[in-house]
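Given next are the chains, with one letter for each unit.
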Amino acid sequence: MVQLRELDVRQILRNGGMPFQLIMDTFSSLEPGEGVRLHAIFQPVPLIRQLEQRGFSHVARRLADDDWEIDFVPGDAPNPTDPAAPASEAIWPDPTWNLDLTDLAPPEPMERILSRLETMASGEVLFALLNREPVFLFSELKARGHEWIGDFDGDGKVYRIMIRATPGDAADASN
Amino acid sequence: MMPMGTNLSRWTMSYFGAALFFLLLAECFLSAGGWSPSVDVAEPRALIIVHSLTIGWLGMLMIGALLQFAPVLTGLNLPASHFDVLGLIGLVVGLGLLLFGFYLIDKGSNAAGPVMGAAALVLFLSILSVSMVLASLLWRGRNAHPASGLVLIGIGCLAITAAFGALFAVTLSGIIEIPSVVQFVSSAVPYHASLGLAGWTTFAAIGVSYKLLPMFLLSHDMKKAPFLARTGSIGIALLGTAAFSPFWPEAANLFFLAASLMFGLTIVAYLNELYLAYRGRRRKSLELNTSGSLPAFALLAISVALLVPAIALGAGTHVISAIVYLFVFGWLSGLGLAQLLKIVPFLTWIEAFGPLLGRRPTPRLGDLVNSRRSAVWLGAFYVAVVAAASAIVLESDLGFRAAAILQTMSTAALLWELALARSLANVDPDTKRDPFQQPAFFFAANKKGHANGSAS
């Protein structure tokens, strides 16, 4: 049985902080054969990809909308029967589109992003920079079945969002 | 941080509708001569106008706005949305009873007592329940945006103002006849008014504008919220001390003056931040909501700058009334109307066209409201407000009435523009073809299960 070290970054994330360095330091300090159980408020996809490259497999569990528990285990493959996060689904390709929307006032960034998403194939990723957290965009992304992750940069001035086009009503939209 | 997004508040439009109704009602009373500079503000029929404006217009406007923007400020969803509509019904019924109670007092009717008692109970309970819902949300999300703290100060003041008001209502109507309470009530009116206007509505307006203005100006977030929250809390504490030392009038006056100085300091810091936000904006041309708010900020500066010396020098009732008129109509109402010209089209646009975005051409947000016409009405409103305040200082009943009529007409015209925007009357009919669904006028339909939801 792999020993899992607990790391809870939920409060840091809620306060708008960037726990990336802390997470990386924790991983660097692991004993051989030791893993990490990370508590976060979303599924940290880029982090997962990076750690997979370093030989950690993962199992993610979504306990609530903003409460995720991700076990990182060195070496072996993750539990393939876990329905919450099939490993292949968790790996996002590099963005096909990069949009800088920082000079636009609401609701224009929302218009641009949704228009672009309509032209994208399922699974493609869009990266956008905004000057605000696009609060009304999120419910529209949710309604359309897209997945996204986003946060502010270190200065809190630019909001970064990555959206993977996975339209829930893809069949309807093509009609 | 992973925000889950904000849904449209279902009842915000109903709060706005009720608020605008009470604004127009109060202005119609003013135009009809319900109050004029030669009448004491404490007369029951003047109190009908005062409470129609404060509870009806400003109170419901702020609560309606906060139901939508408290989730935006905190990134959390409101817990129990059925409180929204119960609060709205309670506020409308309670305010109706209160206005009717003042009317009965004016007529000398014996029924005034029970009506005022019922009004106090209904209003107090509705205000308290809505404030608790909003306050708990803002408290949980207090770290998400510094403006939450400012709105929390406002909501705290709202609760105290409502408690004072309930005590007044039962005392005025003769339910309570304990002499010490009656004496307390007769001296506490200025504190009731200050907590309501400076504490509740002003801090709520500052809090909401803290998030919205930089958003629409494309400028960086304003930074001084902690300073404003600190000076604001000290000011409110001083005001509270003044309110509860009525048996020592000299001390009460001193504390009241200190509270107004502290309030002045808060306002200077706020206006300075606004100046920096406007100057540092990346959006060069101002939209109507941001340009139309400028006279409101100017009138805030003028009324606060006049208020402190007026209190210190013990100015007459007319001067104080004129300053309060500028504060209520110029600052709070002017800002409210200017921002509604953006908020109503914005929420309507999101509801009607959000699901269609990217899937077919949709109208621009700016197409929903006729800015040029609205700018004329808003300008006329500000001119009328300044004219009315001048007429109060000059004690000219006739001048005041003429200004009030102009003010009422410009408000009615703005209401009409808002109604056109809400009903999407200004947009190209072609953009409204199937599967578009016209939003309901007074509330936001739940988008889940809405025809627009799948826009296929």
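Residues numbered from 1 in each chain as written. Chains lettered and ligands numbered in written order. Predicted model: local features only at pLDDT ≥ 70, side-chain atom pairs only at ≥ 80, totals over all residues. Heavy atoms only, no water.

**Q** I'd like a description of the overall build of chain B, backed by residues and values.
**A** When helices and strands are counted, chain B shows 13 helices and zero strands. Mapped in sequence order, the helices and strands of chain B form the string α-α-α-α-α-α-α-α-α-α-α-α-α. Scaling as 2.2 N^0.38, a compact globule of 456 residues should have a C-alpha radius of gyration of about 23 Å, and chain B matches this with 22 Å. Judged by the C-alpha coordinates and their principal axes, chain B covers about 70 × 45 × 45 Å. Counting only residues that meet the buried cut, chain B has 57% of its 456 residues in that class. Taking the contacts inside chain B whose residues are at least 6 apart along the sequence as the reference set, 78% of them involve residues at least 24 apart. In the structure as shown, chain B presents an accessible area of about 17700 Å², 70% of it carried by carbon and sulfur atoms. (Helix = DSSP H or I, 4+ residues; strand = E, 2+ residues; numbered from the N terminus. Rg over C-alpha atoms; globule rule 2.2 N^0.38 Å. Buried < 20%, exposed > 50% of the residue type's maximum accessible area, 1.4 Å probe, protein only. Contact = heavy atoms within 4.5 Å. Areas by Shrake-Rupley, 256 points an atom, 1.4 Å probe, with all protein chains shown as cover.)

**Q** So, the sheet that holds strand β5 (residues 97–100) of chain A: which residues are in play, and what are the values?
**A** All names here are of chain A. With respect to topology, four strands assemble into an open sheet ordered β5-β6-β8-β7, the strand pairing being mixed. Across the chains shown, the open sheet's two edge strands, defined by having one partner strand only, are β5 and β7 (147–152). Neighbour-to-neighbour, the strand axes of this sheet turn through a mean angle of 15°, independent of strand direction. Sheet topology places β5 next to strand β6 (residues 125–130); four bridges connect them, and they run parallel. If you follow Trp97 over to β6, its bridge partner there is Leu126. Lying on the sheet, helix α6 (residues 135–144) is in contact with β7 and β8 (159–164); it crosses β8 at an angle near 10°. (Pairing = 2+ DSSP bridges. Axes fitted to C-alpha atoms, helices over the stretch in contact; angles between N-to-C directions.)

**Q** I'd love a proper account of the interface of chain B and chain A, names of residues and values included.
**A** Opposite the 35 residues of chain B that make contact, chain A presents 35 residues. Connecting chain B to chain A are three salt bridges. Taking the shortest distance from any N to any O, the salt bridge between A:Glu118 and B:Arg359 comes out at 3.1 Å. Our count for the contact surface shared by chain B and chain A stands at eight residue pairs in polar contact (both at pLDDT 80 or more). Only α2 (44–74), α6 (179–217) and α11 (317–353) of chain B provide two or more residues apiece to the side of chain B that touches chain A. When residues in the side of chain B that touches chain A are grouped by element, the largest group, four residues, is from α11(B). Here the residues of the side of chain B that touches chain A are counted per class, giving 18 nonpolar, twelve polar and five charged. (Salt bridge = Lys/Arg side-chain N within 4 Å of Asp/Glu carboxyl O. Polar contact = N/O pair within 3.5 Å; in protein donor to acceptor, adjacent residues only side chain to side chain. Nonpolar A, V, L, I, M, F, W, Y, C, P; charged D, E, K, R; others polar.)

**Q** Please set out the sheet that holds strand β1 (residues 3–8) of chain A residue by residue, giving values where relevant.
**A** Hydrogen bonding along the main chain pairs the strands of a sheet, whether they run parallel or antiparallel. Residues and elements named next belong to chain A. Spatial ordering of the open sheet is given by β1-β2-β4-β3, a layout of four strands whose pairing is mixed. Two strands lie at the open edges of the sheet, namely β1 and β3 (56–64), each paired on one side alone. For this sheet, the mean inter-axis angle between neighbouring strands, taken without regard to orientation, is 20°. Each of β1, β2 (34–40), β3 and β4 (67–74) is contacted by helix α2 (residues 20–28), which is oriented at about 160° to β1, the strand it contacts most. Sheet strands in contact with helix α3 (residues 45–53) are β2, β3 and β4, and its direction is about 155° off that of β3.

**Q** Before we move on, can you summarise the pattern of salt bridges with the specific residues and values?
**A** According to the stated counting rule, one finds 21 salt bridges over all chains in the structure shown. Via salt bridges that share partners, A:Arg37, A:Arg61, A:Glu69 and A:Asp71 belong to a single interconnected network.

**Q** With reference to specific residues and values, describe the nonpolar core.
**A** Counting residues in each nonpolar core, the largest one holds 175 residues, and the members touching the most others are A:Ile113, B:Trp57 and B:Trp331. Setting aside its immediate chain neighbours within four residues, A:Ile113 contacts A:Leu99, A:Leu101, A:Leu126, A:Ala128, A:Leu130, A:Leu137 and A:Ile163. With 25 residues, the next largest nonpolar core counts A:Leu13, A:Met24, A:Leu30 and A:Val125 among its residues. (Core = buried A, V, L, I, M, F, W, Y, C linked by side-chain atoms within 4.5 Å.)

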